[in-house]
Every structure is written in structure tokens, then in C-alpha cells.
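A look at the structure
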Amino acid sequence: VTSPCKILKCNSEFWAATSGSHHLGTEEAPEFCTALRAYAHCTRRTARTCRGDLAYHSAVHGIDDLMVQHNCSKDGPTSQPRLRTLPPGDSQERSDSPEICHYEKSFHKHSAAPNYTHCGLFGDPHLRTFTDTFQTCKVQGAWPLIDNNYLNVQVTNTPVLPGSTATATSKLTIIFKSFQECVDQKVYQAEMDELPAAFADGSKNGGDKHGANSLKITEKVSGQHIEIQAKYIGTTIVVRQVGRYLTFAVRMPEEVVNAVEDRDSQGLYLCLRGCPLNQQIDFQTIRSAQATEGRARRKGPSLPAPPEAFTYETATAKCREKLPVEDLYFQSCVFDLLTTGDVNFMLAAYYAFEDVKMLHSNKDKLHLYERTRDLAPGNTAPSGTPPTLWVALLCLSQCWLCLL
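Notes on the structure follow. (Residues numbered from 1 in each chain as written. Predicted model: local features only at pLDDT ≥ 70, side-chain atom pairs only at ≥ 80, totals over all residues. Heavy atoms only, no water.)

**Overview of the overall build of the protein**
Here is the rule: Each helix corresponds to a stretch of at least 4 residues labelled H or I by DSSP, and each strand to a stretch of at least 2 residues labelled E; elements are numbered beginning at the N terminus. Remark: exposure states derive from per-residue accessible area (1.4 Å probe, protein chains only) relative to the maximum for the residue type, with buried under 20%, exposed over 50%, and partly exposed in between. Surface accessibility in these figures is a Shrake-Rupley result with a 1.4 Å probe; residues are shielded only by whichever protein chains are displayed.
Broken down by element type, the protein carries eleven helices and twelve strands. Across the 404 residues of the protein, 49% fall into the buried class. About 19,400 Å² of surface is accessible on the protein, with carbon and sulfur atoms providing 53% of the total.

In C-alpha cells, the structure reads:
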């Protein structure tokens, strides 16, 4: 799936045309306005296909602000000015940052160390919230993962196979909001087969402010793994492309997680409250559906088969190669192989757990074993059910379904 929204192209063209223009004298200000009008024209051309895109709306508001700041007229030439290069000593290379742009130094100078939390999204898709709740969800389309006073994160999930309920993350947008003297507003956007190692404007740090390097992108593996360090809010974000789809993981101080103006709308943000109940999936329910689908397929052609057929035994053996502990990451791997037939989902579960090991502050909570769906009162399973018993119950249910 390739997005028809071309806002990244508009952003890149504007950045290429104006890089270094903040060093220009006043006599060259019209050149900046020309590039700004071209930028606005480009966003209007893609407005229809970008209606639900966070990066698009961020660009539109940013253009309006720049028009006012530079006293630019909306009418006039829109031809692109000559390309410029960053002069030596630009903020892209600045190493010094004010203390306020380092979270641990500024926010907690005279108090205890901050309590860090973790959220991750991977696979078909599986969500680990900031409170260590683990869920498997449908959430097709665009959904907000995080939305607080400092940043917004939105994911778009698309069907893995035609006619299938299995979805995976095909697009990710992260907006870092402008913060004091540290960073300008920055947008990062990744899509299937496009994992940039820079923000949408082509930069790799927080812009022109004095603390720009308190926000930086580092490419770990070209086209497969990037890391974003936002030191001014004590946050680390890891984005990967595994197979055709994206995974997301974040480490964030609890204080930043809860920094929201409208607490009543917090329930909309998946990393904080989890998926809505009607979007949650229980492994056992899906396994029953898979068994029914298998019987229907034996009776005649009906539902599309995955590209590679896994049985429960072969999926279990495959997942055990990378995930020896039979926790919910292991169960997610088995679930995804049975649902999609795509072996890359095994790697997605593996890397998601690797990110947990790197980002989670409590090493005793790396593995999770409880159920993956919030059940109604009176229909809950004991949270302390041992993992071996849980797996045994799954196997018994599988055998019973086969007998049916």
C-alpha cells in the first residue's frame, strides 16, 4: 500500500529550496517568500489525498505561521529559488545545548530520578501500553498512539491479506512540538518500504534553536531501523521496518506521558488506555475462527489462503527459534503466523521484545503472561495463571476443535 498523500515531497522541496535561508540578508527575503508560496501551492495540490494526514495539517499551519513571520504575500511568484547548502557552524553540527534541553538535568535537578514507562506496537497488531497491559487489536485505519503536550504519534493499519481481518502498521507519523529554546516543530513520517533517516524537512535534529541536538535521528540499519532521541523530554523512540510493515517502541517518563491538557480525552490514545473493547481480540476466539475457516476451506474454495500455511505445531516450532520463553510475545508470534502465514511476523515479535529489553526500566516485567483481551466483569480469568497452564489450555482447546 502506497499512500497517495505527497506531503513528504512538498516538505523536502521546501527544505531543499530554503536550507540556510535564515542566514540571508533582508534583501533576499522575497526569495524565501517565493519558496513559501511554492510550498503552499504544493500542499494545496495534495490536500484531497492528505485530509487525514497529521504531517499535512502540521505543514499547512506551519506555512501560515511563516507567512506572517516573514511578512510574505500569498500572491506572487512561486518558482523555486536556487538550492542552498548549510554553512559551517549551523545548528545541524551544534553540540552544546542549554540545561533545560536535557530532561533529567532540568526537570529533576532536586528530586528523584524519573519513572520511565514503555509502549510498543508490532505485528498484527499487538499493543503493550504504558501500564504493561498487552492487547491484540483490530484498529484498522488511522489511530492515535500518543498525544500529549510534547508530541503526537499516529499509526495507520491496513489489511495484511485481501478479505482478512489481520492488519499491520503500514504508516507512522510522529510530530515533535516546538519546545522553548530547544527544538522547532519536527515531523517524522515512515511508510511501507520507506523508513527515512531524517525528518520530513530533511533535517536530522531539532532545527535552528540553541538546543537543536537534544532531538536527533540515528540510522541503526539502513531502511530497517532508526532511533530518535528526544533528550529534552527524556524520550527514546525506535521504529523498524520488518518485512513490509512497521513496528514502534518508545521509552518515556511518566511525567511526560501524563502531560496533557484535556484529561477527559486521554482514553483515545492507545498507548495510555489501550484499544477500545470492541477493537480487542482474544487469541482463543480467533483460534476458534481459524478452525472453522479451516473446515470451510476443506469443504470447498471460500476464503483466501495465506501465502504459507502454518499448523499450530509448525508455527510454535518456528517461533521458538527466536522466542524461547513462551510468554505473550511468543504467543503473538504463533498467532501471527497462523493468521498471516508471513514468517516476517516472527521477526517483528522478536525485535519487539528486543526493544522491550532495551527500553523497559523494570527488568522484572519484560515477560508478560496474562490474557490479551479485557473481559467483562464475571468473565475474567485469574491474572496469576501460570504460563505453562495457559499454553496447556490452548492446546486442549485446539485438540477439541480438531475433534469437532
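**Let's talk about the sheet that holds strand β7 (residues 186-191)**
The line we're drawing: A pair of strands is labelled paired if DSSP reports no fewer than 2 bridges between them. Between N-to-C directions, angles cover 0 to 180 degrees, with each direction set by a line fitted to C-alpha atoms, over the stretch in contact for helices.
Reading across the sheet, the four strands line up as β4-β5-β6-β7 and stay open at both edges, with antiparallel pairing between neighbours. Among the strands making up the open sheet, the edge pair consists of β4 (141-147) and β7. The mean angle between the axes of side-by-side strands here comes to 20 degrees, regardless of whether they run parallel or antiparallel. Here β4 pairs with strand β5 (residues 151-159) via six bridges, running antiparallel.

**A short note on the state of the cysteines**
Going by this rule: Disulfides are defined as pairs of cysteine sulfur atoms found within 2.5 Å of each other.
For the structure shown, the criterion picks out six disulfides. Put simply, Cys 101 and Cys 182 are joined by a disulfide, and their sulfur atoms are 2.0 Å apart. Looking down the S-S bond of the Cys 101 and Cys 182 bridge, the torsion is -100 degrees, so its handedness is left-handed. One end of the pair, Cys 101, is in the loop between α3 (54-69) and α4 (103-106); the other, Cys 182, is in the loop between β6 (167-176) and β7, and 81 residues separate them in sequence. The exposure class of Cys 182 is buried, given its relative accessible area of 0%. Here Cys 119 pairs with Cys 271 through a disulfide, and the sulfurs are 1.9 Å apart. Residues Cys 119 and Cys 271 share a disulfide whose torsion about the S-S bond is about -80 degrees; that sign makes it left-handed.

**Overview of the packing of aromatic side chains**
Two descriptors summarise a pair of aromatic rings, namely the distance from one centre to the other and the angle between the planes of the rings. Note the threshold: Only Phe, Tyr and Trp rings take part, Trp by its six-membered ring, and two of them pair if their centres are within 6.5 Å. Stacked means planes under 30 degrees apart, edge-to-face means over 60, and tilted covers everything else. Our definition puts a charge over a ring when NZ of Lys or CZ of Arg is within 6 Å of the ring centre and also within 35 degrees of the ring normal.
Enumeration over the complete set of coordinates arrives at nine aromatic pairs. Geometrically, the ring pair formed by Phe 134 and Tyr 329 is edge-to-face, given 5.4 Å between the ring centres and 75 degrees between the ring planes. You can see Phe 134 sitting in strand β3 (residues 134-137) and its partner Tyr 329 sitting in helix α9 (residues 328-340), a full 195 residues away along the chain. Through a chain of ring-to-ring contacts, three or more aromatic side chains come together here, namely Phe 122, Phe 134, Tyr 329 and Phe 353. Here Arg 251 stacks its cationic end above the ring of Tyr 116, 3.7 Å away from the centre of that ring. Looking at Lys 322, its charged tip hangs above the ring of Tyr 350, at a distance of 4.7 Å from the centre.

**Notes on the environment of Leu 270**
Selection rule: For this analysis, residues touch if any pair of their heavy atoms sits within 4.5 Å.
With respect to the helices, strands and loops of the structure, Leu 270 is situated in helix α6 (residues 270-273). Its relative accessible area of 2% is what places Leu 270 among the buried residues. As for Leu 270 and Leu 121, which are separated by 149 residues in sequence, their C-alpha atoms are 9.6 Å apart. Each residue touching Leu 270, except ones within four places of it in the same chain, is listed here: Leu 127, Thr 129, Val 139, Trp 143, Pro 144, Leu 145, Cys 275 and Pro 276.

**What about the pairing of β3?**
Of the two faces of β3, the one lined by Phe 134 and Thr 136 and the one lined by Gln 135 and Cys 137 are each fully buried. Examined bridge by bridge, strand β2 (residues 126-128) and β3 share three bridges and lie antiparallel to one another. When the sheet's bridge partners are listed, Arg 128 is paired in β3 with Phe 134. Here β3 runs beside strand β12 (residues 280-281); their pairing, made up of two bridges, is antiparallel. Residue pairing in the sheet places Cys 137 in a bridge with Gln 280 of β12.

**Some remarks on the sheet that holds strand β1 (residues 116-122)**
Sheet architecture is open: eight strands sit in the order β8-β9-β10-β11-β1-β2-β3-β12, paired in antiparallel fashion. Among the strands making up the open sheet, the edge pair consists of β8 (215-221) and β12. On top of the sheet, helix α10 (residues 344-359) reaches β1, β2, β9 (225-230), β10 (235-242) and β11 (245-253); it is set at about 165 degrees to β10, its chief contact.

**Considerations on the nonpolar core**
Spelled out, the test is: Definition of nonpolar core: a set of buried residues of the types Ala, Val, Leu, Ile, Met, Phe, Trp, Tyr and Cys, connected through side-chain atoms within 4.5 Å.
Ranked by internal contacts, the top residues of the largest apolar core, which has 46 residues, are Leu 145, Ile 146, Leu 151, Ile 174, Phe 176, Tyr 232 and Phe 248. The element that contributes the greatest number of residues to this core is β11, accounting for four residues. Counting residues in hydrophobic clusters, the runner-up holds 23 residues, among them Cys 10, Ala 35, Ile 63 and Val 187.

**A look at unusual backbone geometry**
Positive phi, close to 55 degrees, is recorded for Asn 71, a residue that is not glycine. Tracing the backbone shows Asn 71 in the loop between α3 and α4. The backbone phi angle of Val 139 is positive, close to 35 degrees, even though this residue is not glycine. Locating Val 139 in the fold gives a position in the loop between β3 and β4. For Val 139, a relative accessible area of 1% corresponds to the buried category.

**Observations concerning the environment of Phe 335**
By the secondary structure assignment, Phe 335 is in helix α9. Along the backbone, Phe 335 and Tyr 312 are 23 residues apart, and their C-alpha atoms lie at a distance of 8.8 Å.

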